[in-house]
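# Summary of the model geometry
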Amino acid sequence: AVMINLRGRDTESFVEEARALVAEKVKMPQGYYIEWGGNFKNLQQAKSRLLILTPIAFALVLMMIYAAFGSLPQTLLIFSCVPFALVGGVLNLLIMGLPFSISAGIGFIALSGIAVLNGVVLVNYFNQLRLTEKLTGEVLVKKATSIRLRPVLMTALVAIFGFLPMMLSSGIGSEVQRPLATVVIGGIISSTLLTLVVLPVLYLIFEKHMEKFSQKISH
């Protein structure tokens, strides 16, 4: 067994490079073979599990949003917060110079829940003001966003400050903690900003389409 302790790069790219070099320069006797194990084997097994669990997690999130709002368009509108979050997570990984890993993948799943929560807070209040105060259009969106700005920012800041020590850690276990925290912090920042700016615009577009649709039905 050849034991290798990697530093400064991800396991998968190293193994791919090492495989190519070994295949080119090492001639194995008949009946002998090379097996790459350890963290690389664990990584492959975890990836195959994530390919199954990630769609299930997103499907459950969609189902819970639909159960809360009972509207497919609004469910998709709230779920659009997830791509907002993924953008920030990927960018923060690039800024920190970290490769994609299993812990980063888990961070993306956790991040989707936080991003959806902010969307639920906003859209729920849009609907509430629409019913109670009969507001529509830009007046509705501006009032609801300004009132719900504080809860959305509080949710974001609590999560950011909670994960910040993990993102800055450099001791034992940091190779697991840093990617996860980096993804979550970057995603929360982008999702918060985009949720407060883009989601209200999308709601206005959604509202106009719903009005046109209801007018067609009434005619």
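Look a little higher up for the structure.
Residues numbered from 1 in each chain as written. Predicted model: local features only at pLDDT ≥ 70, side-chain atom pairs only at ≥ 80, totals over all residues. Heavy atoms only, no water.

### Focus: the overall build of the chain
Each helix and strand counted, the chain has seven helices and zero strands in total. The C-alpha radius of gyration computed for the chain amounts to 23 Å, which surpasses the reference 17 Å derived for 219 residues by more than 25%, pointing to a less compact arrangement than a globule. A principal-axis box enclosing the C-alpha atoms of the chain has dimensions of 80 × 40 × 25 Å. When burial is assessed residue by residue, the chain has 36% of its 219 residues classed as buried. When the accessible surface of the chain is split by element, carbon and sulfur atoms take 67% of a total near 13,600 Å². Looking at the chain, you have 18 positive and 11 negative side-chain charges, and the mean spots of the two groups are 6 Å apart. (Helix = DSSP H or I, 4+ residues; strand = E, 2+ residues; numbered from the N terminus. Rg over C-alpha atoms; globule rule 2.2 N^0.38 Å. Buried < 20%, exposed > 50% of the residue type's maximum accessible area, 1.4 Å probe, protein only. Areas by Shrake-Rupley, 256 points an atom, 1.4 Å probe, with all protein chains shown as cover. Lys, Arg positive; Asp, Glu negative; His and termini not counted. Charge placed at Lys NZ, Arg CZ, Asp CG, Glu CD.)

### A few points about a nonpolar patch on the surface
On the surface, Leu51, Ile52, Leu53, Ile56, Leu60, Met63 and Met64 cluster together into a nonpolar patch covering about 770 Å² of accessible area. For Ile56, the location among the structural elements is in helix H2 (residues 39-69). By relative accessible area, Ile56 is classed as partly exposed at 44%. (Patch = residues over 30% accessible without salt bridge, like charges linked within 9 Å, V, L, I, M, F, W, Y side chains within 5 Å. Salt bridge = Lys/Arg side-chain N within 4 Å of Asp/Glu carboxyl O.)

### A word on the pattern of salt bridges
Overall, the coordinates contain two salt bridges when judged by the stated rule. Between Lys41 and Glu35 there is a salt bridge, and its shortest N-O distance comes to 3.5 Å. A salt bridge links Lys142 to Glu138; the shortest N-O distance between them is 4.0 Å. A residue pair is termed a helical-turn pair when its members lie 3 or 4 positions apart in one helix, as Lys142 and Glu138 do in helix H6 (residues 137-167) at four residues. The two residues Lys142 and Glu138 agree in class, both being exposed.

### Overview of the packing of helix H1 (residues 11-25) against H2
It is at 10 Å that the axes of H1 and H2 come closest, and there the two elements cross at 115°. For the element pair H1 and H2, the recorded crossing hand is left-handed. Taking contact as the criterion, the partners of Thr11, Glu12, Val15 and Arg19 in H1 are, on H2, Asn39, Phe40, Leu43, Gln44 and Lys47. Looking at the contact of H1 with H2 residue by residue, the class counts come to three nonpolar, three polar and three charged. (Axes fitted to C-alpha atoms, helices over the stretch in contact; angles between N-to-C directions. Left-handed = near helix turned anticlockwise from the far one by under 90°. Contact = heavy atoms within 4.5 Å. Nonpolar A, V, L, I, M, F, W, Y, C, P; charged D, E, K, R; others polar.)

### Concerning the side chain of Ser190
Examined against the element boundaries, Ser190 turns out to sit in helix H7 (residues 174-218). Among the polar contacts made by the side chain of Ser190, one reaches the main-chain carbonyl oxygen of Gly187 at a distance of 3.1 Å. Residues within four places of Ser190 in sequence aside, it is in contact with Phe84, Ala85, Val87 and Gly88. (Polar contact = N/O pair within 3.5 Å; in protein donor to acceptor, adjacent residues only side chain to side chain.)

### Thoughts on the environment of Pro151
Tracing the backbone shows Pro151 in helix H6. Between the C-alpha atoms of Pro151 and Leu122, which are 29 residues apart in sequence, the distance is 9.6 Å.

### A look at the nonpolar core
One broad trend across soluble globular proteins is that nonpolar side chains are buried collectively. Ile65, Val116, Val123, Ile188 and Tyr203 are the most contacted members of the largest nonpolar core, which has 43 residues in total. Counting residues per element, the ones that place at least two in this core are H2, helix H3 (72-79), helix H4 (81-96), helix H5 (102-132), H6 and H7. When near neighbours in sequence (up to four residues on either side) are disregarded, Val116 contacts Val61, Ile65, Ile78, Phe79, Cys81 and Val82. (Core = buried A, V, L, I, M, F, W, Y, C linked by side-chain atoms within 4.5 Å.)

### Re H3
All of the buried residues in H3 are Gln74, Thr75, Leu77, Ile78 and Phe79. Of the residues flanking the start of H3, the one acting as N-cap is Ser71, its side-chain oxygen 3.4 Å from the backbone nitrogen of Gln74.

### Some points on H4
Relative to the 22 Å expected for 16 residues at 1.5 Å per residue, H4 spans 23 Å between its end C-alpha atoms, a close match to the ideal helical length. The set of residues buried in H4 consists of Cys81, Val82, Phe84, Ala85, Gly88, Gly89, Asn92 and Leu93. The buried residues of H4 occupy an angular sector of 165° when the element is viewed end-on, so they sit on one face. Remark: Gly97 follows H4 within two positions and exhibits a positive phi of approximately 70°. (Expected span 1.5 Å × (residues − 1). Arc of directions from axis to C-beta.)

The analysis is restricted to geometry; functional conclusions fall outside its scope.
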